[in-house]
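Observations on the three-dimensional arrangement
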Amino acid sequence: MNRVRQLPDPDHLPALDRRFLIDRPAMGLGADQPPPRILLLYGSLRDRSFSRFAVEEAARLLALFGAETRIFDPSDLPLPDQVSGDDHPAVRELRELSMWSEGHVWCSPERHGAITGIMKTQIDHLPLEMRGMRPTQGRTLAVMQVSGGSQSFNAVNTLRLLGRWMRMFTIPNQSSVAMAYKEFDEAGRMKPSSYYDRIVDVMEELVRFTVLLRPHAAQLVHRYSERKQAGVPVDPASDLSAIATARA
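Residues numbered from 1 in each chain as written. Predicted model: local features only at pLDDT ≥ 70, side-chain atom pairs only at ≥ 80, totals over all residues. Heavy atoms only, no water.

1. Overview of the overall build of the protein chain
Threshold: Numbered from the N terminus, helices here are DSSP runs of H or I no shorter than four residues, and strands are runs of E no shorter than two. In this treatment the radius of gyration is a C-alpha quantity, and the globule benchmark scales as 2.2 Å times the residue count to the 0.38 power. For this analysis, residues touch if any pair of their heavy atoms sits within 4.5 Å. Each accessible area is a Shrake-Rupley estimate made with a 1.4 Å probe; only the visible protein chains count as cover when residues are assessed.
Summing up its helical and strand segments, the protein chain has eight helices and six strands in all. Counting from the amino terminus, helix and strand elements in the protein chain follow one another as β-α-β-α-β-α-β-α-β-β-α-α-α-α. The C-alpha atoms of the protein chain give 19 Å as radius of gyration, which agrees with the globular expectation for 248 residues (18 Å, within 12%). Principal axes of the C-alpha set define a box for the protein chain whose edges measure 65 × 50 × 35 Å. Put simply, 80% of the contacts in the protein chain that link residues at least 6 apart link residues at least 24 apart. Accessible surface, the protein chain as shown: approximately 12700 Å² in total, 53% of it carbon and sulfur.

Structure follows, in structure tokens:
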């Protein structure tokens, strides 16, 4: 079973006014090739899942901006600790997709003032460390939410907290779509609105930050405590700070 969702109408962007669009928003910030790799997660299994619709709109925009995207389908993902040793194909695929990625988009409905269980389950299945590899550390993150009522920021605030805990670089901008049932047509496409424009803003910013941090991601999370735990002393010949101090 392939849990990467096929994106319907990937090139059809009816709510976008291309007169104001920058096709390559990260141009000049760093190398945007190969394309930035972005994993998108959503938090509802309904047939008309507005969080999934929002993620699909985000994926179309990211592709337009030159990124490569994967949308994970969590429909058969078990609960944490439900399967011994997390030995389940959906868990393995989610972790492999996160290892593949350079950035994430998380979009959750707000339910009872918080993110949904489906959203939290996906994040809970991503360990900080896995056989010496780190599925989330050093990656960029954009957070979004959809609400059935008036605009709220409870879900995006929780997602920001989780992103920090997962050692990700959460971008400053975010999206919160109020009364989401009014913002999508029968085909699940978002109508032109300030809410849609904000999603464009957020995806532009995510691409910029991903490209900007790409060459530095490993260095930014290179920690003393982990070097000490692994018993790997710093090599003075390759320590740039030591070289700079010596020259001074």
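2. Description of the nonpolar core
Selection criterion: Note on terminology: a nonpolar core comprises buried Ala, Val, Leu, Ile, Met, Phe, Trp, Tyr and Cys residues joined through side-chain atoms within 4.5 Å. Exposure classes here rest on a 1.4 Å probe applied to the protein chains alone. A residue is buried below 20% of its type maximum, exposed above 50%, and partly exposed in between.
Judged by nonpolar contacts, the single largest core of 38 residues is most densely connected at L40, L61, L62, V105 and M203. Listing elements by their share of this core, those giving two or more residues are β1 (37-42), α1 (50-64), β3 (103-109), β4 (140-146) and α5 (194-213). Each residue touching L62, except ones within four places of it in the same chain, is listed here: I38, L40, A67, T69, V105, M203, L206 and V207.

3. Topic: unusual backbone geometry
Along the chain, Q33 connects to P34 via a cis peptide bond; the corresponding omega equals 0 degrees. Here P34 lies in the segment before β1. Unusually for a residue other than glycine, D81 sits at a positive phi of about 70 degrees. Looking at where D81 falls in the secondary structure, it is placed in the loop between β2 (68-71) and α2 (89-100). Judged by its relative accessible area of 71%, D81 falls in the exposed class. The phi dihedral of R167 is positive, around 60 degrees, even though this residue is not glycine. With respect to the helices and strands, R167 occurs in the loop between α4 (154-165) and β5 (169-170).

4. A closer look at the environment of A58
Residue placement: A58 occurs in helix α1. The sequence separation of A58 and R227 amounts to 169 residues, and the corresponding C-alpha distance is 37 Å. Here A58 is in contact with L40, M144, I199 and M203, once residues within four sequence places are set aside.

5. Describing the environment of A180
The residue A180 is located in the loop between β6 (175-177) and α5 in this model. Distance in space between the C-alpha atoms of A180 and R5 is 21 Å, their sequence separation being 175 residues. Leave out the neighbours within four places in its chain, and A180 touches F50, V146 and S147.

6. With respect to the packing of aromatic side chains
Which entries qualify depends on this criterion: When two rings of Phe, Tyr or Trp (its six-membered ring) have centres within 6.5 Å they constitute a pair, described as stacked for plane angles under 30 degrees, edge-to-face for angles over 60, and tilted for the intermediate range.
Counted by the stated rule, this structure contains three aromatic pairs. For the ring pair F50 and F53, a centre distance of 6.0 Å and an interplane angle of 75 degrees mean the geometry is edge-to-face. Residue F50 and its partner F53 are located together in helix α1, separated by three residues, close to a single helical turn. Taking relative accessible area as the criterion, F53 reaches 5% and is therefore assigned buried. Three or more aromatic residues link up through ring pairs in this structure, and these residues are F50, F53 and F184.

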